[in-house]
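A look at the structure
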Amino acid sequence: MTALTVIPNVSDQPYHSAILARLPSEWAPWPDDPTSVNHDEALSTFVKRAQKKSFTWPKKPVVFLSDAHADAEAFEASLIAAGVIERDGPHPCEYTLTKFGKKADIVVGGDCLDKGPSNLTLLRSLAHLYRLNADVTLLAGNHDLRLLMGLLSLERETDAGSQHLFVRMGKKVIPLFKEVFDQYLADTQWDRDIPSEAACRQALFPGNAWFANFPFYAAGFITAEGIQREIGKMTKKTQSFEAHCSHAGLSLQQIYAAAMKCRSLFLKKSGEFSWFFRRMRLVKKRGSFLLLHAGLDDHMAEILANHGVKYANRAFKKNLMSQNLFSFYYGSLANTFRTKYRKADLPLTPRGAYVARQAGIQVLVHGHINQHFGQRVTLKNGLIHIEADITLDAHSRKKEGLDGHGIGVTLIDKKRGVIGLSCDYPQAKVFKPSRKGKREGAQ
């Protein structure tokens, strides 16, 4: 083990002491154990491919953090841990960029929203990072896009492809609506021109016929397993959504009013958070690394191989406000921020993995699948993945038996390799292949 000098030092300010106390003080070669790899050959395959002349590292150091899920404290603590920012006050958004932060390529891997403790505080913290002129790329996450699809569905003609998308957001979006109602509407005449409770229920919920019609609407587009899973999920959400709203102290009229306010905040050019979806990208490629929220399927691999990353991001933008929400949300573009490589998801086969590698994509860096022991290197049908969702938000951590808010990032640098930093693992995990084909520091 070696002293943790590979992570840029953070200044010894009182605001940082609690963060430093929870971080590992040493680094070690990436562990070859089930908490850190999924396959006996995951690391050896990574080493072999990283030795090839065609393998390239990013020109600038990349700082990847994902799935902050409305926890600004975890988000900012992770940026401090990476040496990107330093605090100049005790409250959210009171920070400046460090020298390292000014040159780093910062990638926020999606899922900024839902769960808690505060969606709006997290969004304002991210906005502050943009105001500092940091080099930030915001990637699309499934929780983020679920909000957009739900908001857009309120203005579209109801059909079996989209009329369920509002309730599909589920209970995890209710804290956002509660925050919006309390901060923007509570002290106003919010109920002026708001439909009755019954009318709001009709506008927000799918009709009874949806459950009979959706399987036929989706046939040939979604896998049979995917259709069955969607019906089961929507049965539960339809039955429980109103109760979850009531538990949060919100009527359906208040939910409807908050949703309309969210449309103004996120979708109008003058809205406080209008930048959020406008700045969002689907994928980012740096060297041989593809950064995204969840993963690839064969069709998406073909798109990237034949047309490239810029084309994929343009296609994402054009489809983001598509008239056909169904075809976007259940297609290959959205599969990129939704897949967990289940039978219900569009598949990544060995052929698709081969196509991705031929296109210069050797490693996927993603969030979406949360871990309890820091980052994990996985091998999926011959394609290397780095699972970098290390469970940051306090809500998930409490539910899953972890302490406090999370702290950690994944750094990718041609001089230092891949560094997985997490408060939940005793050392920083370092992957850096040597010229002899062994990981540096390996015994």
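For the structure, check the block above.
Position numbers for residues start from 1 in each chain and track the written sequence from start to end. In keeping with the model being predicted, local features are shown solely for residues with a pLDDT of at least 70 and side-chain atom pairs are shown and tallied solely at 80 or more, while totals for entire chains, interfaces and linings include all residues. Only hydrogens and water are set aside when side-chain values are computed; all heavy atoms of the structure are taken into account.

**Overview of the overall build of the chain**
Broken down by element type, the chain carries 18 helices and 16 strands. For this measure, only C-alpha atoms enter the radius of gyration; the expected value for a globule follows 2.2 Å times N^0.38, where N is the number of residues. Relative to a compact globule of 443 residues, whose C-alpha radius of gyration would be 22 Å, the chain shows 22 Å and is just as compact. Accessibility here uses a 1.4 Å probe with only protein chains present; expressed as a share of the type maximum, an area under 20% marks a residue as buried, one over 50% as exposed, and anything in between as partly exposed. A burial count over the chain gives 59% of its 443 residues as buried. A fraction of 73% describes how many contacts in the chain between residues 6 or more apart in sequence connect residues 24 or more apart. The Shrake-Rupley method, run with a 1.4 Å probe sphere, supplies the accessible areas, and residue values consider only the shown protein chains as cover. For the chain, the exposed surface amounts to about 18,900 Å²; the carbon and sulfur share of it is 49%. Secondary structure elements are defined from DSSP: runs of H or I of at least 4 residues count as helices, runs of E of at least 2 residues count as strands, and each element is numbered from the N terminus. Only heavy atoms matter for contacts: two residues are in contact if any of them lie within 4.5 Å across the pair.

**Considerations on the pattern of salt bridges**
We define a salt bridge as a side-chain nitrogen of Lys or Arg found within 4 Å of a carboxyl oxygen belonging to Asp or Glu. Enumeration over the complete set of coordinates arrives at 15 salt bridges. Across the pair Asp 105 and Lys 284 runs a salt bridge, and its minimum N-O distance is 2.6 Å. In this pair, Asp 105 is assigned in strand β6 (residues 105-108) and Lys 284 in strand β9 (residues 284-286), connecting sequence segments 179 residues apart. Residue classification places Asp 105 among the buried positions, given a relative accessible area of 2%.

**Topic: the sheet that holds strand β13 (residues 383-387)**
Pairing between two strands requires that DSSP report at least two bridges joining them. In spatial order, the strands read β9-β10-β11-β13-β12; together these five strands make up an open sheet with mixed pairing. Strand pairing shows two members of the sheet lacking a second neighbour, β9 and β12 (376-380), which therefore form its edges. In this sheet, adjacent strand axes meet at a mean angle of 25 degrees when their direction is disregarded. Axes here refer to lines fitted to C-alpha atoms; in helices the fit is confined to the stretch in contact. Angles between the N-to-C directions go from 0 to 180 degrees.

**Here we look at the packing of helix α13 (residues 298-307) against helix α17 (residues 350-358)**
Two elements in contact, α13 and α17, have axes whose closest approach is 8 Å; the angle formed by their N-to-C orientations is 20 degrees. Classified by the angle between their axes, α13 and α17 sit roughly parallel to one another. Helix-helix and strand crossings are classified by hand; for α13 and α17 the assignment is left-handed. Contacts from Asp 298, Ala 301, Glu 302 and Ala 305 in α13 reach Arg 351, Gly 352, Val 355 and Ala 356 in α17. Throughout, the ten residues Ala, Val, Leu, Ile, Met, Phe, Trp, Tyr, Cys and Pro are labelled nonpolar, Asp, Glu, Lys and Arg are labelled charged, and all others, Gly among them, are labelled polar. Of the residues contributing to the contact of α13 with α17, the split by class is four nonpolar, one polar and three charged. Relative orientations are named as follows: roughly parallel for angles under 35 degrees, roughly antiparallel for angles over 145 degrees, roughly perpendicular for angles from 65 to 115 degrees, and oblique for any other angle. Crossings are sorted by hand: turned counterclockwise from the far helix by less than a right angle, the near helix makes the crossing left-handed, and turned clockwise it makes it right-handed.

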